[in-house]
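Structural characterization, general
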Amino acid sequence: MRVLLVSGASGIGRAIASAVLDSGGEVVLAGRRREPLDAATAELGPRASAVVIDLADGPSIAQAAVAVGPVDHVVSLTADHANGPVADLDGAAVRHAFDAKVIGPILLAKHFAPYLQGGGSFLFFSGVAAWKPALGLSVMATTNGAVAFLAEALAVELAPLRVNALSPGIVDSGAWDSMGSGKDTLFADTACANPVGRVGQPSDIAAAALSLLTNTFVTGVTLHVDGGGRLA
Ligand SMILES: NC(=O)c1ccc[n+]([C@@H]2O[C@H](COP(=O)([O-])OP(=O)(O)OC[C@H]3O[C@@H](n4cnc5c(N)ncnc54)[C@H](OP(=O)(O)O)[C@@H]3O)[C@@H](O)[C@H]2O)c1
């Protein structure tokens, strides 16, 4: 299978890329910066290639669809953040957050659907923040929640192509490393609260993503891969 991974050069996306390659497939990594894409493809080997896509830039998505051509699956892991109290939110940052998780995926569906092979699918990344409202995370909750409804709507509109969403819980993807020692506290608290007693690893999410890509009877779902965190 040939899989386009938007934001696939690092974090959870990189783990999915490795899993696809391990299964004998081919990956096209996409992102808005050329350098990390080239570094990742060099490490992943000859069945990995790269294309520049900025999900806030519609023409870059249209151009990439033509350049990439036929694919079996399109996965978007892209996220941009506008965190903080509503009173302090910057409108442009909020729009970027919606570009990354909602408008960008809609444009991916628009431009890539004609290139998807039979049995193909889209997989968009949501997140546990949608099901656990918290102070300062209203935009994150809203964009991630929108992804779940987008998957349902597009599953109907684009059928027989399949469209699914995956909602991770807290995962040690590298995204939290800038927190310093705050990361250890967050992870310890999350592990304690999660029914499974630990935070997630990128490999947990990659295994679930592969299942959503390959099970041709699954469409319009949001799969929660969060260690039960949304229930805690
Ligand atoms: N890690 C977790 O604990 C967790 C929890 C819940 C949900 N999730 C979701 O799972 C997904 C993957 O998470 P992650 O932790 O592996 O990744 P991440 O660190 O959140 O990475 C997000 C990626 O999005 C890219 N990006 C932002 N705006 C973009 C744009 N306009 N166009 C193209 N790329 C753009 C960033 O690229 P740059 O490097 O160029 O900035 C970055 O590579 C995300 O959707 C995240 O919200 C993760």
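Residues numbered from 1 in each chain as written. Predicted model: local features only at pLDDT ≥ 70, side-chain atom pairs only at ≥ 80, totals over all residues. Heavy atoms only, no water.

1. A look at the pattern of salt bridges
- Scanning the entire structure with this criterion turns up seven salt bridges.
- With a shortest N-O distance of 2.4 Å, R14 and E43 are connected by a salt bridge. Placement of the pair is R14 in helix α1 (residues 11-22) and E43 in helix α2 (residues 34-44), with a sequence separation of 29 residues.
- By relative accessible area, E43 is classed as exposed at 61%.
- The shortest N-O distance in the salt bridge between R198 and D204 comes to 2.8 Å.
- On the basis of relative accessible area, R198 is assigned to the partly exposed category, the value being 41%.
- A relative accessible area of 27% places D204 in the partly exposed class.
- One network of salt bridges, in which partners are shared, links D172, D177 and K183. (Salt bridge = Lys/Arg side-chain N within 4 Å of Asp/Glu carboxyl O. Helix = DSSP H or I, 4+ residues; strand = E, 2+ residues; numbered from the N terminus. Buried < 20%, exposed > 50% of the residue type's maximum accessible area, 1.4 Å probe, protein only.)

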